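Report on the structure
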Amino acid sequence: MSETLSLDLKSGIGTIHGIGPKKERIFNDNGIYTIEDLIYLFPRSYQDRRNVISISELKKGQEALIVAKVLSKKTPNGFYKRNSPLSLLVGDDTGALEVVFFNGRFLSKLFDQNSEYTFYGKVSENYARLQLIHPEFSKSGSPDDIRGIIPIYPKIQGISQKEIRRIQKELRPLYNWVDDWIPEETTKEYNIADIKYSLDNLHFPTDGRRVLAAKFRMVFSELLLMETGLQYIRKGERDNKEYIVIPCKPGDEFIGTLDFLLTIDQQAAWENIKSDLEGNRRMNRLLQGDVGSGKTVIAEAAMYSAAKNNYQSVIMAPTEILAKQHLETFTLDFSKHGIKPRLLISSMEKKEKREVLLGLEKGTIDVLIATHAVLQENVRFHNLGLVITDEQHRFGVNQRRILSEKGAGVNVLVMTATPIPRTLAVILYGDMDTSQIRTMPKGRKPVKTTLFNKENRNKAYSFSLERIKSGHQVYVVAPLIDDSEKIDAVSATGLFDELKKRFKGYSVELIHGAMKQEEKDRIMSDFFFCLIDVLVSTVVIEVGINVPNATVMIIENAERFGLAQLHQLRGRVGRGSEESYCFLISDSENEIAMKRAEIMCKTNDGFEIAEEDLELRGPGEIFGTKQHGIPELILSDLIKHIDVLEKAQQAAKDILLNDPNLSKEEYSGLKSRVNSMFGKELSLLL
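Rules and cut-offs
Residues numbered from 1 in each chain as written. Predicted model: local features only at pLDDT ≥ 70, side-chain atom pairs only at ≥ 80, totals over all residues. Heavy atoms only, no water. Helix = DSSP H or I, 4+ residues; strand = E, 2+ residues; numbered from the N terminus. Contact = heavy atoms within 4.5 Å. Buried < 20%, exposed > 50% of the residue type's maximum accessible area, 1.4 Å probe, protein only. Polar contact = N/O pair within 3.5 Å; in protein donor to acceptor, adjacent residues only side chain to side chain. Expected span 1.5 Å × (residues − 1). Phe/Tyr/Trp six-rings, centres within 6.5 Å; stacked < 30°, edge-to-face > 60°. Lys NZ or Arg CZ within 6 Å of the ring centre and 35° of its normal. Pairing = 2+ DSSP bridges. Axes fitted to C-alpha atoms, helices over the stretch in contact; angles between N-to-C directions. Core = buried A, V, L, I, M, F, W, Y, C linked by side-chain atoms within 4.5 Å. Arc of directions from axis to C-beta. Parallel < 35°, antiparallel > 145°, perpendicular 65-115°, else oblique. Left-handed = near helix turned anticlockwise from the far one by under 90°. Nonpolar A, V, L, I, M, F, W, Y, C, P; charged D, E, K, R; others polar. Salt bridge = Lys/Arg side-chain N within 4 Å of Asp/Glu carboxyl O. pLDDT = per-residue confidence, 0-100.

Looking now at the overall build of the protein chain. The helix and strand tally for the protein chain stands at 23 helices and 21 strands. By sequence separation, contacts in the protein chain at least 24 residues apart represent 72% of the contacts at least 6 residues apart.

You can see Thr94 is positioned in the loop between strand S3 (86-92) and strand S4 (95-101). Residue classification places Thr94 among the partly exposed residues on the basis of a relative accessible area of 38%. Taking the C-alpha atoms as reference points, Thr94 and Glu57, 37 residues apart in sequence, are found 8.6 Å from one another. In this structure Thr94 touches Ser54, Ile55 and Ser56, once residues within four positions along its chain are discounted. A polar side-chain atom of Thr94 sits 3.3 Å from the main-chain amide nitrogen of Ile55. For Thr94, the side chain forms a polar contact with the main-chain nitrogen of Ser56, separated by 3.1 Å.

Compared with an ideal rise of 1.5 Å per residue, which puts 14 residues at 20 Å, helix H10 (residues 295-308) spans 20 Å between its outermost C-alpha atoms and is within 8% of the ideal. Most of H10 sits inside the fold, with 12 of its 14 residues counted as buried. Among all positions of H10, only Lys295, Val297, Ile298, Ala299, Glu300, Ala301, Ala302, Met303, Tyr304, Ser305, Ala306 and Ala307 are buried.

According to the stated counting rule, one finds 21 aromatic pairs in the structure shown. Taken together, the ring pairs in this structure connect Phe101, Phe111, Tyr117, Phe119 and Phe137 into an aromatic cluster. A cation over a ring is seen here: Arg49 above Tyr120, with NZ or CZ 4.1 Å from the ring centre. Note that Lys162 overlies the ring of Phe137, its terminal NZ or CZ placed 5.2 Å from the centroid.

This paragraph deals with the sheet that holds strand S19 (residues 534-537). Within a sheet, each strand pairs with its neighbour through backbone hydrogen bonds, oriented either parallel or antiparallel. Sheet architecture is open: 6 strands sit in the order S16-S21-S20-S17-S19-S18, paired in parallel fashion. What marks the edges here is a single partner per strand, and that holds for strand S16 (448-452) and strand S18 (508-511). On average, adjacent strands in this sheet sit at an angle of 15° to one another, irrespective of strand direction. Sheet analysis places strand S17 (residues 473-477) next to strand S20 (residues 550-556), joined by 5 bridges and oriented parallel. Bridge pairing links Val476 to Ile554 in S20.

Grouped together as the largest cluster of nonpolar side chains are 62 residues, with contacts concentrated most on Val314, Leu344, Leu368 and Val374. Aside from chain neighbours lying at most four places away, what touches Val314 is Met303, Leu368, Ala370, Val374, Phe381, Leu384, Leu386, Val387, Ile388 and Leu403. Counting residues in each nonpolar core, the second largest holds 55 residues, with Ile26, Tyr175, Val178 and Ile182 among its members.

Unlike most non-glycine residues, Ala128 shows phi in positive territory, near 70°. Looking at the secondary structure, you find Ala128 in the loop between strand S5 (116-126) and strand S6 (129-133). Owing to a relative accessible area of 69%, Ala128 belongs among the exposed residues under this scheme. At Leu662, a residue that is not glycine, the phi angle is positive and equals roughly 50°. Positionally, Leu662 belongs in the loop between helix H22 (642-658) and helix H23 (668-678).

To continue, consider the sheet that holds strand S9 (residues 284-289). One open sheet holds the 7 strands; their spatial order is S11-S12-S10-S13-S14-S9-S15, and the pairing between them is parallel. Because the sheet does not close on itself, it has two edges, and the strands there are strand S11 (342-344) and strand S15 (433-437). The average angle at which neighbouring strand axes cross in this sheet is 20°, direction not considered. Pairing geometry for S9 and strand S14 (residues 411-416), over 5 bridges, is parallel.

What follows deals with helix H12 (residues 350-362). Across its 13 residues, H12 extends 18 Å between first and last C-alpha, which sits within 8% of the 18 Å expected from 1.5 Å per residue. Within H12, the full set of buried residues consists of Val356, Leu357, Gly359 and Leu360. End-on view of H12: buried residues confined to an arc of 160°, all on one side of the axis. For H12, the exposed residues set more than 90 degrees away from the buried face come down to Lys350, Lys351, Arg354 and Lys362. Packed against the buried residues of H12 are strand S10 (312-316), S11 and strand S12 (367-370). Gly363, located one to two residues past H12, shows a positive phi value of around 90°.

A separate point is the packing of helix H15 (residues 457-469) against helix H16 (residues 492-502). H16 packs onto H15 with a crossing angle of 55° between their chain directions and a minimal axis gap of 12 Å. With respect to H16, the element H15 is oriented oblique. Seen along the crossing, H15 lies across H16 with a hand that is right-handed. Here H15 contributes Arg457, Asn458 and Tyr461 to the contact with H16, which in turn contributes Leu495, Glu498, Leu499 and Arg502. A breakdown of the residues in the contact of H15 with H16 according to their chemical character gives 3 nonpolar, 1 polar and 3 charged.

Our focus in this paragraph is the pattern of salt bridges. Under the defined criterion, the tally for this structure stands at 31 salt bridges. For the salt bridge of Lys23 with Glu163, the shortest nitrogen-to-oxygen distance reads 2.8 Å. Of this pair, Lys23 sits in helix H2 (residues 21-29) while Glu163 sits in helix H4 (residues 161-171), placing them 140 residues apart in sequence. Look at Lys23 and you get partly exposed, because its relative accessible area is 26%. On the basis of relative accessibility, which here comes to 12%, the residue Glu163 falls in the buried class. The partner of Glu136 in a salt bridge is Arg49, with the nearest N and O atoms 2.8 Å apart. A residue pair is termed long-range when its members are at least 10 positions apart, and Glu136 in strand S7 (residues 136-139) and Arg49 in strand S1 (residues 45-49) qualify at 87 residues. The exposure class assigned to Glu136 is partly exposed, which follows from its relative accessible area of 25%. Through salt bridges that share partners, Lys23, Glu163, Arg166 and Glu170 make up one connected network.

The next point concerns the confidence of the model for the protein chain. Here the protein chain averages 86 in pLDDT, and 88% of its residues register 70 or above. Confidence drops under a pLDDT of 50 for residues 619-629, and excluding neighbours within four residues, the segment shows 36 contacts in the predicted structure.

It is a general feature of regular strands that their side chains alternate between the two faces of the sheet. Of all 5 residues in S10, 5 are buried, a share of seventy percent or more. Burial along S10 is two-sided: Gln312, Val314 and Met316 and Ser313 and Ile315, pointing in opposite directions, are all buried. Both S10 and strand S13 (residues 384-389) contribute to a ladder of 5 bridges, which runs parallel. Opposite Val314, over in S13, you have Val387 as the bridge partner. When S10 meets S12, the two strands line up parallel, connected through 4 bridges.

Following this line, the structure appears as structure tokens:
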């Protein structure tokens, strides 16, 4: 006890008894560096080991707790051999059972004949005899008794569950030192348990209701930190009273010169943006629209209005390929109106880059299409009025903020082709007004999606060959670049070799992320100009260029892709007026994989798919929460705990209303933890 109390919460875990350099490295590799980190390593589940089962009642496959005496101990031949097993015959009043430990010679001395032990493990069968193989065990009456409600911690390779439980027991006296940082009025209003109670009942549970109360406190506190941080950032954005007014009559005139009419949703989105740009506060709008729904033309109208009112605008794309396609589109549409868009990407020649930087600073460039290169400090604008981020799910909150701070009162438009479920939209973009484009342009047909297993995959390729013969192009996507001994999946290089033979006489090309950018750009350009019939790829083409002539998408090992990713890949076809097809190839019997395929075959609606994807996988996997500035959540689930999230949102709002900068003493713990949670990623300066 005294040794434990000499430790400090911020001490490295190597100071704990029994943790040497090797185990310390293992913990560090799993993000655990300090004693406090270990205290906050919470169980992922619990096993109820309170009910002892008689040996006569045991059944194969059952997880069981038995109390039995060691009747005999079988010391194997070659006892001193490293791999010698240990076999115990144990019994209670109802029968006997064999307990086996492989490599068990070291355990032999822990068992005394005729002494009583508790065993917990899965019952197996060997030659019609029931066994327990490698069960957990303890001597009856010992302080390490394995009976009770037992916490099961996240797996850490090289550290046993028993050892984690031992360490938590050693650290238990330190729970008194953990700061209870939730403000007192919040604790009372939401009936939240204190920190010591919560830690005790999560690590050393005695009652299910106590565990739930403890978990509620931890989930609430985690979501409160997240919401306080996000609301603080959004408050800073809202409090910025500077704004730039951009009259949008030029945008209306530009739309009038197009050779097509806007859809109802496109027109509604444009009216929203016009209202923002001409209003008395800066625009901060999210434009959601499925792949191919026509968001780009709305961006063009806004940027055209800015240029005609002597303001600069920039659209930031996630890849050089997409930036170059935007440049072609914008140049084609703007050149007849006397506007020359320019490009800024990392791979540009130094001379050309200097010329662009100078033009931006002097104000001779009105419209800029760029990648992350625009975020550099040396990129300065003369009179920036509008910033647009395209494919927003590829950018972090901090990148969006840096771009919008390139000018004073700059209007912000965020575009995403990844429809965001309502639940997450509030969290990710709660500060933004939202427009949606759900209707597709006239002439676009829904992509027909079909699932094939590997036995009939030839049908997909035979159909594709017929499409190629009639002048169409085909995408084929694989989950891996090269063949792997560890992963049973098709590789892009393997497919490339196969399809060159299958489609002999036609142009088959390979593209993947490991290639140099110039090579990828060349291949995508050739595909765009119909010089390639079949493009074999990894997910590098998930956000790609618009190729209306590509009408077939084949996705091998479809089970290895998430729903949102499958939908993005499918969006590469169906960009023209021709009927288009997506073939999913998979032999997986995994329930979630089959559900994904079923959803894909059922609907082309990205918003419906987003909701389903959220239910199947949770938010972290879909969006990469860190990428959005949402901290990694340990206990909380934004779907399961939506009711707690709503309470935490309200609590954060009340706290910031009471103390906008968290400067009062009662909020010092909250302030410190919010800063710690968000770190430098959001430049959160409280």
